[in-house]
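Take a look at the letters that make up each chain.
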There are 2 protein chains.
Amino acid sequence: MPLHLNSQSADFEQAFTALLGMKREDSPDVDAIVADIIADVRGRGDAALIELTARFDKMDLTPETLRFSDAEIDALVAQVPAEEAAALQLAADRIRAYHTAQMPQDARWTDEAGADLGWRWTALSAAGLYVPGGLASYPSSLLMNAIPAKVAGVKRLAVTVPTPGGAANPLVLLAARIAGVDEVYRVGGAQAIAALAYGTPTIPPVDKITGPGNAFVAAAKRRVFGKVGIDMIAGPSEILVIADGDNNPEWIALDLMSQAEHDASAQSILITDSPTFAQAVEDAVERLLTTLTRADIAGASWRDFGAIILVRDMAEAAALSNRIAPEHLEICTADPEALLPQIEHAGAIFLGQWTPEAIGDYIGGPNHVLPTARSARFSSGLSVMDFLKRTTIARMTPEALRAIGPAAEVLAASESLEAHGLSVTARLKSLNAAP
Amino acid sequence: MPLHLNSQSADFEQAFTALLGMKREDSPDVDAIVADIIADVRGRGDAALIELTARFDKMDLTPETLRFSDAEIDALVAQVPAEEAAALQLAADRIRAYHTAQMPQDARWTDEAGADLGWRWTALSAAGLYVPGGLASYPSSLLMNAIPAKVAGVKRLAVTVPTPGGAANPLVLLAARIAGVDEVYRVGGAQAIAALAYGTPTIPPVDKITGPGNAFVAAAKRRVFGKVGIDMIAGPSEILVIADGDNNPEWIALDLMSQAEHDASAQSILITDSPTFAQAVEDAVERLLTTLTRADIAGASWRDFGAIILVRDMAEAAALSNRIAPEHLEICTADPEALLPQIEHAGAIFLGQWTPEAIGDYIGGPNHVLPTARSARFSSGLSVMDFLKRTTIARMTPEALRAIGPAAEVLAASESLEAHGLSVTARLKSLNAAP
């Protein structure tokens, strides 16, 4: 049974704070093992990769077979049924269109002092994308990571995906091809992250690594951060649904379960102002949990971390949502747009009853890599920005330097940075000496 | 003597790779101490802060004096000479104008499928800014961190600054007031970071912490990352000057020294196509090192990490600059704009001989918090973006769901996520059942 909270109960604040503080993840401490793996790959390159892949993935590789050949990818993608290929292509097209709209503009202007200022956006040269093997090897995640990189203009995009026992997911390879991935390697785990960060004779290093992975992959990403960029370390998935009584309880129950089925540590929360609707959703969830193929996972998540919160009105719902800062937020009210301005912190918002969160996972266009564990308070989902960086530009004319240089001299003196000040003074002197 | 490289030498590639790989920082391992301090502040709150401040800063505080009162700030800022106050105000105005231009736009549109898509930018609710005490307590850094936060719309901006022995820097307090900082606390070190991240009865927690600090502060920021956001961990400063022979060697020498004087681990590099000019700059640096007040620091940096690289032409200079990915890049050539499109990776660019890098440190407008240690390959300087997050928005109409929902069903099935698919199927069924 999920947690039941009522904003009018005397103990609500305490119960809600406990809900916010719930620890849903036990990260095993694998840091020492990961440090050894990274050192091994840095030291022995391909030989270490091959040995570790034999040990962990039961795969015998050579430097020649570390990378999927084009012919191998051709053969695999040919196995994908036409319906799935078409769905993947539609998803890719929509994700590409949305992320193309995100591309930021360069700027250049001259201000009142005559200073010429601005910035330029440039793409990372090379990015690496980790794709998990086995059950969590999602072609949709590959599209969500790879397409923003390619839209941003990353020239070289390398994917690593473990193929335990040699099993490769044809849909993942097709997604890679559709997204324009340049290289795909049959390696996984911390050793793949080490190879992407430091390079081996076969795998050139990249500048940034994104993509989800298990505890070993996450620990390795933390370790190589600084040498390369990384994306956020994602926690288990979450959904918050704000719904009034005028909704189909079955649909909302399915939306809650679509997060719960990801992971026993996922969290699904319903906030509503209708006790009757709350009960109807809870009943619908119970029915679903007798039929869903992943009922064991979804049921554990719902039982351990699920919650139903009764509120007085939708303004209260928005305020609680802001404290939760959910990864996914569905707003199923009569006028969802009216509530939107009150939402301050959320990874992605799905408006109205015709927008199940699953649309966002696959086909809507926005990214499904989103901040978890309340980090939407301070961070955003994956975007083209993750594959771009901004260089600021300044150009002074003699006039501009005359106008603002003296203030720089004063500030440099106040910070006791003499050469800073002199670099301005020397130029101003020459200007004042000029006829 | 700095390193001398010539791109036409047989051993150039080897020497340049060694230059790129130079380790300039020894980070002492203070992680265990920092972990204890954070646990102490989480457990005992203000009492721990007060005790640690007495131990490290020789200051006796009470919960009432942890925070600077308005009257205390009034008294301190009244000590600032008018000329310095005016310079600080001009810097603030220029930084505010530049960062206001950075503010990104919200977007909302309807695509061909009838899907309503977009995003909204919202500010972080609360941010914390660490300001070092003592010599490195720079008012300019306070402006560079605080103004972007306030331009972004951060409602609550708290500053922590250690005041060893009770000594506060009036200019730092004035900078805080000019920038619109809401709260200033007399604490420093890992204990300040712990207080900002987890909160104490006196210091409410924030959502993100930025600002430079020593090894303890850096280790604490790494530890609280995830609970709150953090900015990049900055390394020692760097400058790369690309200059042709038609420059004043004294000016370029001053620009190189203005980084070198920051820190013995700083790095200053000159790339030029003129051997005569290279020698003239080196001679000018030697002369400066006999007079500069910080000659010991600047000299150590120049001797241990400085470099002069002779190239055939400016295209080669740009290519080498991209491999260095400098924090600061000055382009002092006849036509600096012509070289600009060839620069792919740099934190900030200063164009032409009238734009010494020091202008950017204080008064230009762009931020001086920039990526170091080659991280300009994958990251950007501080900006309003660091204090904003983007929430994606999607709203389907029944028609849009009909158009793209079936592809989501196919992909959900291919990933064996049944509830994902059913959440779409249930809605499509009702649409198809409708008259």
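Residues numbered from 1 in each chain as written. Chains lettered and ligands numbered in written order. Predicted model: local features only at pLDDT ≥ 70, side-chain atom pairs only at ≥ 80, totals over all residues. Heavy atoms only, no water.

1. A look at the overall build of chain A
Point 1. Looking only at helices and strands, chain A has 17 helices and 14 strands in total.
Point 2. Its C-alpha atoms give chain A principal-axis dimensions of about 90 × 60 × 45 Å.
Point 3. Across the 435 residues that make up chain A, the buried fraction comes to 61%.
Point 4. Excluding contacts between residues fewer than 6 apart, the proportion of contacts in chain A whose partners are at least 24 apart in sequence is 75%.
Point 5. Roughly 15700 Å² of accessible area belongs to chain A as shown, and the carbon and sulfur atoms make up 54% of that amount.
Point 6. Each charge sign in chain A was given a centre, from 34 positive and 54 negative side chains, and these centres are 10 Å apart. (Helix = DSSP H or I, 4+ residues; strand = E, 2+ residues; numbered from the N terminus. Buried < 20%, exposed > 50% of the residue type's maximum accessible area, 1.4 Å probe, protein only. Contact = heavy atoms within 4.5 Å. Areas by Shrake-Rupley, 256 points an atom, 1.4 Å probe, with all protein chains shown as cover. Lys, Arg positive; Asp, Glu negative; His and termini not counted. Charge placed at Lys NZ, Arg CZ, Asp CG, Glu CD.)

2. As for the UniProt feature "binding site: Zn(2+)" (unreviewed entry) in chain A
Point 1. Per the UniProt record, "binding site: Zn(2+)" (unreviewed entry) is annotated on Gln259, His262, Asp361 and His420 of chain A. Across 162 residues in sequence, these annotated residues place their C-alpha atoms as far as 55.6 Å from one another, rather than forming a single compact spot.
Point 2. With relative accessibility at 8%, the residue Asp361 of chain A sits in the buried group.
Point 3. Excluding residues that lie within four positions of it along the chain, Asp361 of chain A makes contacts with Ser140, Met144, Gln259, His262, His328 and His368 of chain A together with His420 of chain B.
Point 4. Along the chain, the position of His420 of chain A falls in helix H17 (residues 418-433).
Point 5. Taking relative accessible area as the criterion, His420 of chain A reaches 1% and is therefore assigned buried. (UniProt positions renumbered as here; feature names shortened; annotations may be inferred.)

3. Focus: the domain arrangement of chain A
It is common to give the size of an interface as the accessible area lost on bringing the parts into contact.
Point 1. With domains assigned, chain A is organised as domain 1 (3-25 + 235-364), domain 2 (31-104 + 125-230) and domain 3 (396-433).
Point 2. For domain 2 of chain A and domain 3 of chain A, the distance between their C-alpha centroids amounts to 50 Å. (Domains from an automatic or database assignment.)

4. Points about the sheet that holds strand E7 (residues 208-210) of chain B
All names here are of chain B.
Point 1. Across the sheet, 5 strands lie side by side as E6-E5-E4-E7-E8; this open sheet has parallel pairing. Strands at the two margins of the open sheet, each flanked by one partner only, are strand E6 (183-185) and strand E8 (229-230).
Point 2. When strand E5 (residues 156-160) meets E6, the two strands line up parallel, connected through 3 bridges. Counted as the bridge partner of Thr160 is Tyr185 from E6.
Point 3. Each of strand E4 (126-130), E5 and E7 is contacted by helix H6 (residues 139-152), which is oriented at about 165° to E5, the strand it contacts most. (Pairing = 2+ DSSP bridges. Axes fitted to C-alpha atoms, helices over the stretch in contact; angles between N-to-C directions.)

5. Things to note about the UniProt feature "binding site: NAD(+)" (unreviewed entry) in chain A
Residue and element names in this part refer to chain A.
Point 1. Per the UniProt record, "binding site: NAD(+)" (unreviewed entry) is found at Tyr130, Gln191 and Asn214. In terms of the greatest pairwise C-alpha distance, the residues named above, spread along 85 residues, form a tight cluster of at most 12.6 Å across.
Point 2. A residue is classified by how much of its surface remains accessible, and Tyr130, at 4% relative accessible area, is buried.
Point 3. In this view, Tyr130 contacts Thr160, Pro162, Gly188, Gly189, Ala192, Ile193, Thr210, Gly211, Pro212, Gly213 and Val217; residues no more than four positions away in its chain are not counted.
Point 4. Polar contacts involving the side chain of Tyr130 include one to the main-chain amide nitrogen of Gly189, which spans 2.7 Å.
Point 5. Relative to the elements of secondary structure, Asn214 occurs in the loop between strand E7 (208-210) and helix H9 (215-224).
Point 6. Of the residues examined, Asn214 reaches a relative accessible area of 45% and is grouped as partly exposed.
Point 7. Engagement of the side chain of Asn214 in a polar contact is seen with the backbone nitrogen of Phe216, the distance being 3.0 Å. (Polar contact = N/O pair within 3.5 Å; in protein donor to acceptor, adjacent residues only side chain to side chain.)

6. Re the relation of the copies chain A and chain B
Point 1. Mapping chain A onto chain B calls for a rotation angle of 180° and an axial translation of 0.0 Å; the resulting RMSD is 0.0 Å. Here the two chains are linked by the operation of a two-fold rotation axis. When each C-alpha of chain A is compared by its distance to the rotation axis, Pro104 of chain A comes out closest, at 4.2 Å.
Point 2. In this assembly, 99% of the residues forming the interface of chain A have copies in chain B that are likewise at the interface, indicating an isologous arrangement. (Least-squares fit on C-alpha atoms with pLDDT ≥ 70 in both.)

7. Comments concerning the pattern of salt bridges
Oppositely charged side chains are able to pair whenever their charged atoms sit close together.
Point 1. Tallying each qualifying case throughout the model produces 44 salt bridges over all chains.
Point 2. Taking the shortest distance from any N to any O, the salt bridge between Asp304 of chain A and Arg303 of chain A comes out at 3.3 Å.
Point 3. Residue class for Asp304 of chain A comes out partly exposed when judged on its relative accessible area of 37%.
Point 4. Residue Glu337 of chain A is joined to Arg108 of chain B by a salt bridge in which the shortest nitrogen-to-oxygen separation is 2.6 Å. Taken together, the residues Glu337 of chain A in helix H14 (residues 336-339) and Arg108 of chain B in strand E2 (residues 107-110) connect one chain to another. (Salt bridge = Lys/Arg side-chain N within 4 Å of Asp/Glu carboxyl O.)

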